[in-house]
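Architecture at a glance
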Amino acid sequence: MIVMKFGGSSVANAERIKHVANIIKSFEEKRPVVVLSAMGDTTDHLLEAADAALEGHITIDAVEKLHMDTAAELGVPSGDIVKLLGELRTLLTGISMLREVTPRSKDYLVSFGERLSVRLMAAYLNSLNIRSVFRDAWDVGFVSDSNYTSADLLPATWENIRKELGPYRDGKRGDGLPIPVVTGFIAKDERGFITTLGRGGSDLTATMLGAALRADEVQTWKDVDGILTTDPRVVKEARTVPVATYDEVAELAYFGAQVLHPRSMQPCLQTGTPVRVKNSYNIDAPGSIIVTRHEVKPPSVRAITSKKNVTLIDIVSTRMLGQHGFLAKVFESFAAHSISVDVVATSEVSVSLTVDSEKAHFAGLRHDLEKYASIDIRKDKAIVTIICDVRRSSSILAATFAALEKEDINVQMISQGASKVNISMICDSSEAQRVVQVLHDRYFGDAGIATGEGQ
Ligand code: ADP
Ligand code: ASP
Ligand code: MG
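Here is what the cut-offs are and how they apply
- Residues numbered from 1 in each chain as written.
- Chains lettered and ligands numbered in written order.
- Predicted model: local features only at pLDDT ≥ 70, side-chain atom pairs only at ≥ 80, totals over all residues.
- Heavy atoms only, no water.
- Near = heavy atom within 4 Å.
- Polar contact = N/O pair within 3.5 Å; in protein donor to acceptor, adjacent residues only side chain to side chain.
- Areas by Shrake-Rupley, 256 points an atom, 1.4 Å probe, with all protein chains shown as cover.
- Helix = DSSP H or I, 4+ residues; strand = E, 2+ residues; numbered from the N terminus.
- Expected span 1.5 Å × (residues − 1).
- Buried < 20%, exposed > 50% of the residue type's maximum accessible area, 1.4 Å probe, protein only.
- Arc of directions from axis to C-beta.
- Contact = heavy atoms within 4.5 Å.
- Nonpolar A, V, L, I, M, F, W, Y, C, P; charged D, E, K, R; others polar.
- Pairing = 2+ DSSP bridges.
- Axes fitted to C-alpha atoms, helices over the stretch in contact; angles between N-to-C directions.
- Left-handed = near helix turned anticlockwise from the far one by under 90°.

Every one of the 17 residues lining ligand 1 counts as a neighbour, but Lys-5, Lys-222, Asp-223, Leu-228 and Gln-258 are closest to it. Residue Gly-8 places a main-chain N or O atom 3.4 Å away from an oxygen atom belonging to ligand 1. At 3.1 Å, a side-chain N or O of Arg-233 approaches an oxygen atom of ligand 1. Protein burial of ligand 1: of its 570 Å² of free accessible surface, 88% is covered by the chains.

So this is what it looks like as structure tokens:
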């Protein structure tokens, strides 16, 4: 059996849903479990509706129109949709009366997007005589912790999924068991409250299902020809990466590539289940395949990513830095303020670290650190990461700095990841795009291809 996940842009309207139904039909023999995201920008629209409700306005027009129009265009009954839209309106009324939205109610709110899309798709497949049934993720075993807006799945999910969907997986051709169409992105915690797995979380739903069911493969269908050498919105010449490892993709996602959810590689890494990234707008393109290790030696530089909205913190202490226990103390302070660190570099007198600007509140941290060091906090930075074979780091670093020097670009910090697949550099946010462009050109432009470093 296989898992087929379709992201928001793949199911953005009735026409796209019809197209996806055809793709599902073409894989019917493989006993697919289907995972869907919310249609188009529905998740964003729901979050905007929460903001409006906080101001006292209840607006679900965009969400209502999209789903009602789509039901009509697909020619399927809209009863389930109307019921959910009613529940959504009640929730927004509650938010507007309380003038408060907690992380828990936010998750309940955005869950409507995926719950609506699976109902439409299952109804449409049935109307084509492809037997299917919509399943809310919690009904097929997804249970998470209570870290609302970015919940982690609990280990019980593995066995739960096998119990719920094992019979479908083990069924025989012609047994009439319907294709499950499962909501991506959402789960319930142990108290029964709805949670979400973080933006882009449908990828994780799909890989979790694929790993738990020991699927032959997980297919994630997007609007690009697979994993690309960099963000195609930054560099339009970005090329497809035909084969990548789970480690490489995890780093790529963690360091800013939107293409897959940062934690989505974890389940399949454990089971070795291959993950394929395909383009629903270009079915014939081979896409990318993600596996445990490379069978054929890949180019030494695989991809380049950037992550903006980063803050660089320099902690300077001539007195303390060399002494034992100093770094432990520094990291304890970050842990105490629940601030997670992305990139670290040390020199003789300072340790420099980067943190995500949006998530961190710096006042308390600064207060703690200033007890034993002087602190310099610089905002509006970006991390540019080269996903590569760091066994070739000397030549990659030499080529990288030669290319940057030629363009008169100076980076402010550099760090080589212990995971052996990345080299990260810090620059000003305003320069990130240019750095990515220069490096992409160096490794994936004609010169890179000639030296075999790029593709
Ligand atoms: P989906 O909703 O189908 O999961 P996303 O929009 O979340 O799709 O992710 C796909 C998008 O990620 C692409 O349209 C592309 O603009 C962006 N992207 C950024 N970096 C990369 C990359 N390295 N490879 C492929 N796509 C990337
Ligand atoms: N709909 C959710 C989002 O927009 C989850 C997903 O698409 O994977 O983030
Ligand atoms: Mg996504």
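Helix length check: helix H12 (residues 393-406), at 14 residues, gives a terminal C-alpha distance of 20 Å against a target of 20 Å (1.5 Å per residue), a fit within 8%. Buried within H12 are the following residues: Ser-393, Ile-396, Ala-399, Thr-400, Ala-403 and Leu-404. End-on, the buried residues of H12 take up no more than an arc of 135°, which puts them together on one face. Away from its buried face by more than 90 degrees, H12 exposes Ser-394, Glu-405 and Lys-406.

Position of Ile-227 relative to the elements: it lies in the loop between strand S8 (217-222) and strand S9 (243-245). Distance from Ile-227 to Glu-28, taken between C-alpha atoms, is 25 Å for residues 199 residues apart in sequence. Once you skip the residues sitting within four places of it in the chain, Ile-227 turns out to touch Arg-239, Thr-240, Val-241, Val-249, Leu-252, Leu-260, Val-277, Ser-288 and Ile-290.

This part covers the site of ligand 2. The environment of ligand 2 is formed by Ser-37, Ala-38, Thr-43, Glu-114, Phe-185, Arg-199, Gly-200, Gly-201 and Ser-202. For ligand 2, the accessible surface in isolation is 260 Å², of which the surrounding protein chains cover 86%. Of the residues in the shell around ligand 2, the class split is 2 nonpolar, 5 polar and 2 charged.

Turning our eyes to something else, we now look at the pairing of strand S6 (residues 186-189). Bridge count for strand S4 (residues 143-144) against S6 is 2 bridges, and the pairing is parallel. Within S6, the residue paired with Ser-144 across the bridge is Asp-189. Pairing of S6 with strand S7 (residues 194-196) involves 3 bridges; the strand directions are antiparallel. The partner of Ile-186 across the bridge, within S7, is Thr-196.

Let us look at the packing of helix H1 (residues 14-26) against helix H5 (residues 103-127). Remark: H1 packs on H5, axes separated minimally by 10 Å, with the N-to-C direction vectors making an angle of 60°. Two packed elements cross with a definite hand, and for H1 against H5 that hand is right-handed. Judged by residue contacts, Ile-17, Lys-18, Val-20, Ala-21 and Ile-24 of H1 engage Met-121, Tyr-124 and Leu-125 from H5. Of the residues contributing to the contact of H1 with H5, the split by class is 7 nonpolar, no polar and 1 charged.

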